[in-house]
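Read off the chains here:
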Amino acid sequence: MSLALSIGVLAAAGVFLVLQRGMIRIILGFVLLTHAVNLLIIAAGGVSRRDAPFFGGDTSQAADPLPQAFVLTAIVIAFAITVVLATFAVVGRRDDDTEADNGAPSQSEVDDGELDALRDSEPDSELESEGERR
Amino acid sequence: MIGIVELLLPLFVGAPLLLGGILFVVPRHHPLQLIMGMGSLLALLGGAIVLLILTFDGTILVHQIALWPGGISIPFVADSFSSLILVVAAIVSVISFHYMIASGEAQSPSIASLVLILAGGVAGALLTADLFNLFVFIEVMLLPSYGLLLFLSRRGDMAASRLYVTVNLLASTLFLAGVGLIYAVQGTVNLAALAGAGDDPATAIATAVCLGALAVKASVFPVHGWLARAYGSASPAVAALFSGLHTKVAVYVVYRISSVVFEGDGAWMTAIMVVAALTLAVGALVALGEREIRPLLLFQMVSGIGFILIGVALFTPEGLTAGIVYMVHHMVVMGSLLLIASAIEQTYGSGRLDRVAGLRTREPLLTAAFVISALSLAGLPPFSGFVAKYAVVLASADAGQVLIAGLLIIVSLLSLMSLMRVWADMFNGKRHTDVEVLAAEERIRTREGLFDGAVIDTDTAAAEAAQALEQHGPPRGVLASGDPHDHRGTRIPLRLVIPALMLSGLSVGLGFGGEFLLQLAEHASSVLTDTSGYVGAVMGQ
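Residue numbers here run from 1 along each chain, matching the order of that chain's written sequence. Chains carry letters from A onward and ligands carry numbers from 1 onward, assigned in written order. The predicted nature of this model means local features are confined to residues of pLDDT at least 70 and side-chain atom pairs, given and counted, to a pLDDT of 80 or more, with totals for whole chains, interfaces and linings taken over all residues.

**Things to note about the overall build of chain B**
Our working rule: Segments assigned H or I by DSSP are reported as helices when at least four residues long, segments assigned E as strands when at least two residues long, and all are numbered from the N terminus. Two things to know: the radius of gyration comes from C-alpha atoms, and the globule rule equals 2.2 Å times the number of residues to the power 0.38. With C-beta atoms placed from the backbone, a residue is labelled by how many other C-beta atoms lie within 10 Å of its own: buried for 20 or more, exposed for 12 or fewer, partly exposed between the two. Once C-beta atoms are placed from the backbone, any two residues with those atoms within 7 Å are in contact.
Within chain B, the secondary structure is distributed over 22 helices and 2 strands. Expected size for 541 residues packed as a compact globule is a radius of gyration near 24 Å; at 23 Å, chain B falls within 12% of this value. Taken over the C-alpha atoms alone, chain B extends approximately 80 × 55 × 40 Å along its principal axes. Burial statistics for chain B: of 541 residues in total, 59% are counted as buried. Taking all contacts inside chain B whose residues are at least 6 apart in sequence as the whole, residues at least 24 apart take part in 79%.

**Digging into the overall build of chain A**
Along its length, chain A carries 6 helices and 0 strands. Reading chain A from its N end, one meets helices and strands in the order α-α-α-α-α-α. In chain A, which comprises 134 residues, the proportion classed as buried is 24%. Considering only intrachain contacts with a sequence separation of at least 6, the fraction spanning at least 24 residues in chain A is 57%.

**Examining the pairing of strand E2 (residues 75-78) of chain B**
Put simply, side chains in a regular strand alternate between the two faces of the sheet. Residue and element names in this part refer to chain B. Applicable threshold: Here, a strand pair is defined by DSSP locating no fewer than two bridges between the strands.
Residues Pro 75 and Val 77 line one face of E2 and the alternating positions Phe 76 and Ala 78 line the opposite face, and both faces are buried. In terms of strand pairing, strand E1 (residues 61-64) meets E2 through 4 bridges, oriented antiparallel. By the bridge assignment, Val 62 is partnered in E2 with Val 77.

**Here's the deal with unusual backbone geometry**
All names here are of chain B. At the junction of Phe 221 and Pro 222, the peptide bond is cis and its omega measures out at 5° in the coordinates. Its place among the elements puts Pro 222 in the loop between helix H8 (201-217) and helix H9 (225-232). Of the consecutive residues Pro 381 and Pro 382, the connecting peptide bond is found in the cis state with omega at 5°. Note on placement: Pro 382 falls in the loop between helix H15 (364-378) and helix H16 (384-398).

**Structural notes on the nonpolar core**
Within soluble globular proteins, side chains that are nonpolar generally end up buried alongside one another. Residue and element names in this part refer to chain B. Put simply, the test is: Each nonpolar core comprises buried Ala, Val, Leu, Ile, Met, Phe, Trp, Tyr and Cys residues, the members being joined through C-beta atoms within 7 Å.
If you look at the biggest cluster of nonpolar residues, it comprises 231 residues, and the most contacted ones within it are Val 254 and Leu 309. In terms of residues, this core owes the most to one element, helix H13 (residues 317-348), which gives 19 residues. For Leu 309, the residues in contact, after removing those within four places along its chain, are Val 220, Val 251, Val 254, Ile 272, Ala 276 and Thr 279.

**Brief notes about the packing of H13 of chain B against H16 of chain B**
All names here are of chain B. Keep this limit in mind: To get an axis, fit a line to the C-alpha atoms, keeping to the stretch in contact for a helix; angles then go from 0 to 180 degrees between the N-to-C directions. Put simply, angles under 35 degrees are roughly parallel, angles over 145 are roughly antiparallel, angles from 65 to 115 are roughly perpendicular, and the rest are oblique. Each crossing is labelled by how the near helix is turned from the far one, with a counterclockwise turn of less than a right angle marking it left-handed and a clockwise turn marking it right-handed. Side-chain classes follow a simple rule in which Ala, Val, Leu, Ile, Met, Phe, Trp, Tyr, Cys and Pro form the nonpolar group, Asp, Glu, Lys and Arg form the charged group, and the remainder, Gly included, forms the polar group.
Across the interface, H13 lies against H16 with an axial gap of 8 Å and an inter-helix angle of 155°. Considering their axes alone, H13 and H16 lie roughly antiparallel with respect to each other. Crossing geometry of H13 relative to H16 is assigned as left-handed. Two secondary-structure elements touch here, H13 through Glu 318, Gly 319, Thr 321, Ala 322, Gly 323, Val 325, Tyr 326, His 329, Val 332 and Val 333 and H16 through Ser 384, Gly 385, Val 387, Ala 388, Ala 391, Val 392, Ala 395 and Asp 398. Per-class residue counts for the contact of H13 with H16 are 10 nonpolar, 6 polar and 2 charged.

**Observations concerning the confidence of the model for chain A**
Any region with low pLDDT has predicted coordinates that should not be read closely. Residues and elements named next belong to chain A. The condition is simple: Here pLDDT means the predictor's own confidence in every residue, given as a number from 0 to 100.
In the predicted model, chain A carries a mean pLDDT of 73, and 66% of its residues have values of at least 70. At the level of individual helices and strands, chain A shows its lowest average pLDDT in helix H6 (residues 125-133), which scores 40, and its highest in helix H1 (residues 2-18), which scores 92. Long-range and interchain partners of residues 101-134, a stretch whose pLDDT sits below 50, account for 27 contacts in this model, where long-range means more than four residues apart.

**Remarks on the interface of chain B and chain A**
Contacts between chain B and chain A engage 24 residues on the former and 27 residues on the latter. Looking at the side of chain B that touches chain A, the elements that each hand over two or more residues are helix H6 (131-152) and helix H7 (159-186) of chain B. Here the element with the most residues in the side of chain B that touches chain A is H7 of chain B; it accounts for 14 residues. Of the residues belonging to the side of chain B that touches chain A, the class tally is 16 nonpolar, 5 polar and 3 charged.

**A look at the packing of H1 of chain A against helix H2 (residues 23-44) of chain A**
Residue and element names in this part refer to chain A. Two elements in contact, H1 and H2, have axes separated by 7 Å at closest approach and are oriented at 155°. Between H1 and H2, the interaxial angle falls into the category roughly antiparallel. Seen from above, H1 lies across H2 with left-handed handedness. Each of Leu 3, Ser 6, Ile 7, Leu 10, Ala 11, Ala 13, Gly 14, Leu 17 and Val 18 in H1 lies in contact with H2, whose residues at this interface are Arg 25, Ile 26, Leu 28, Gly 29, Phe 30, Leu 32, Leu 33, His 35, Ala 36, Leu 39, Leu 40 and Ala 43. Classifying every residue of the contact of H1 with H2 by side-chain character gives 16 nonpolar, 4 polar and 1 charged.

**Comments concerning helix H10 (residues 236-260) of chain B**
All names here are of chain B. For clarity, the threshold we go by: Expected span of a helix, by definition, is 1.5 Å for each gap between consecutive residues, and there is one gap fewer than residues. Note on bend: the value at a residue is the angle between axes fitted to the seven residues ending there and to the seven starting there.
Here H10 contains 25 residues, and its C-alpha end-to-end distance of 36 Å stays within 8% of the 36 Å for a straight helix at 1.5 Å per residue. A maximum bend of about 35° is found in H10 at Phe 242. Of all the 25 residues making up H10, 25 are buried; the element is thus mostly covered by neighbouring parts of the structure.

**A closer look at the confidence of the model for chain B**
Residue and element names in this part refer to chain B. Residue-level pLDDT values for chain B average 85, and 93% of them are 70 or greater. The lowest-confidence element of chain B is helix H19 (residues 458-471), averaging 70 in pLDDT; the highest-confidence one is helix H5 (residues 111-127), averaging 92. Here the predicted complex scores 0.87 on pTM and 0.82 on ipTM.

**Things to note about the environment of Ile 293 of chain B**
Residue and element names in this part refer to chain B. Positionally, Ile 293 belongs in helix H12 (residues 293-314). Assessed through the 26 C-beta atoms surrounding it within 10 Å, Ile 293 is described here as buried. Once the C-alpha coordinates of Ile 293 and Ala 341 are considered, the two residues, 48 residues apart in sequence, prove to be 6.5 Å apart.

**Looking at the environment of Thr 321 of chain B**
All names here are of chain B. Mapped onto the fold, Thr 321 is located in helix H13. According to the C-beta neighbour criterion, Thr 321 is buried, with 26 such atoms within 10 Å. With 198 residues separating them in the primary sequence, Thr 321 and Gln 519 have C-alpha atoms 8.6 Å apart. With sequence-adjacent residues up to four places away left out, Thr 321 is seen in contact with Ala 391, Leu 518, Ala 521, Glu 522 and Ser 525.

**Some details on the environment of Gly 124 of chain B**
Its place among the elements puts Gly 124 of chain B in helix H5. Each residue touching Gly 124 of chain B, except ones within four places of it in the same chain, is listed here: Val 13, Phe 137 and Val 140 of chain B.

Shown next as structure tokens:
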């Protein structure tokens, strides 16, 4: 039950974050979503009715190793993709339309450090004027 | 012979991955990059053709990884269906890579490696019979795709690439969740072990989660909107490569799962039928309203996905055969049309229908390729499109789906209309004087490595345009301005036209060799209508 609840909470938080503007939040959303799916796969191994494979002796009740192998693979893939996503967040022209529309960016977005990082890497007239406005 | 080929099946994945890895350390401009890249893609094509010949008579080649017993191991399977799609995917990869070499895009860092890894992932996704392994190979396909988008996007435009990555990642995550659910219900994700498991409602729903994820990847209505936006600003050659590989692999898997797990179960196939019909109608209608050549073609592609899915939704032998014929035709023709759009965009810096005009008299070869591909896509004889559409319409009428057959014909007319718009505006229209300036601006941007859409100083562009006009010498005789026979100025280089010509030539060949294509597809569909051979071979019985 606790596993099902955690999956639900993680998936809900992940979906909420993926629907936000701002690439960093989307990335965090995907991190949570993949966690939710990983837990789902672990749950698919029937954790409630199985025990640790050691110390017990009854192999029919030993934990299913296959979902764990799945999750291991999925974690590695998710990690690689998170890195790629982070790259997409910082490269390219300043055309990230996943942020607030015209006008001053909201406080939380400044907190992302995204704008600051971008300004450091790419001095851009558009950005500077935005900074002055702030 | 067959035993050796079975043992070598994993090489279809391993060899491209290994070579792609090696090429990462070869210096960027070293000729080995292109030679090895092209060589391995051609070898992949050769290998795929060998597979097709060996599996033609219904033989099913199986390799159980590490020789574990069937049902426990990860199986690699080649039957007539996967071999046929692998051959066409390899052809599209070879020609797209050829275009990248011709346009100089292959000079960007690690392009050969990325294309090879992509091809390896595609081969893996087509050959594996294990759903989790399939997820891994889909990711193997996607990671180099992200790299290709990063290096080859229209310079600086990352918004569309971000869209592509997020949509695909969401779909992959959903697919993985579906695989997890299937494991929870059935205790296995081996496709053959799941044969017929669609009768069990829990398994059916878990599998439907996977199908939903694949529908996103194949850009099926109502989750089709991302495709045109994401591919629209990728490098055109990359769009051609992706359209031939990514969406079609997703459709291939839909075919495979529908036949093995659901065994053509009526209710599910009706659902696919509804979605497919909406996809093909919506794609064709949206294409009518587009103002740029690439989004227009991409929505045609969405419409084509609908055509292919009609085949599996009918789930009669004729329907499956027709769907497979359509898939082959669509991969070839869509590749050709997108490469034509690439050549235009990379020369004129714009794909807008109202800006580029008068290509008919200036670019005879490109026009020939366009006319062939466009008529083929619309479904006119003697091109491959006629064979494919005729087969799909006939199969739907045979299955009693007269409404669908009528819809298919109406949609074909709509497709013809939107392609006629391209013809009327870009090819047949009167050449504006500022086309020359547009092309000059694009040449300057390419030379200086500027962002797409970067503003070029008017005088510089005018000087560049005048220079191009002079380079091609004075016109023969005296020509009035705006004379269509004035051939001075910018021309699309022949090297950019050749890849599209090859694909459209293939479409003509498939049209005249329609009987052969139908026969191939019939063999391919026979493993879908009767999955016992497939299941038996994979389970090692």
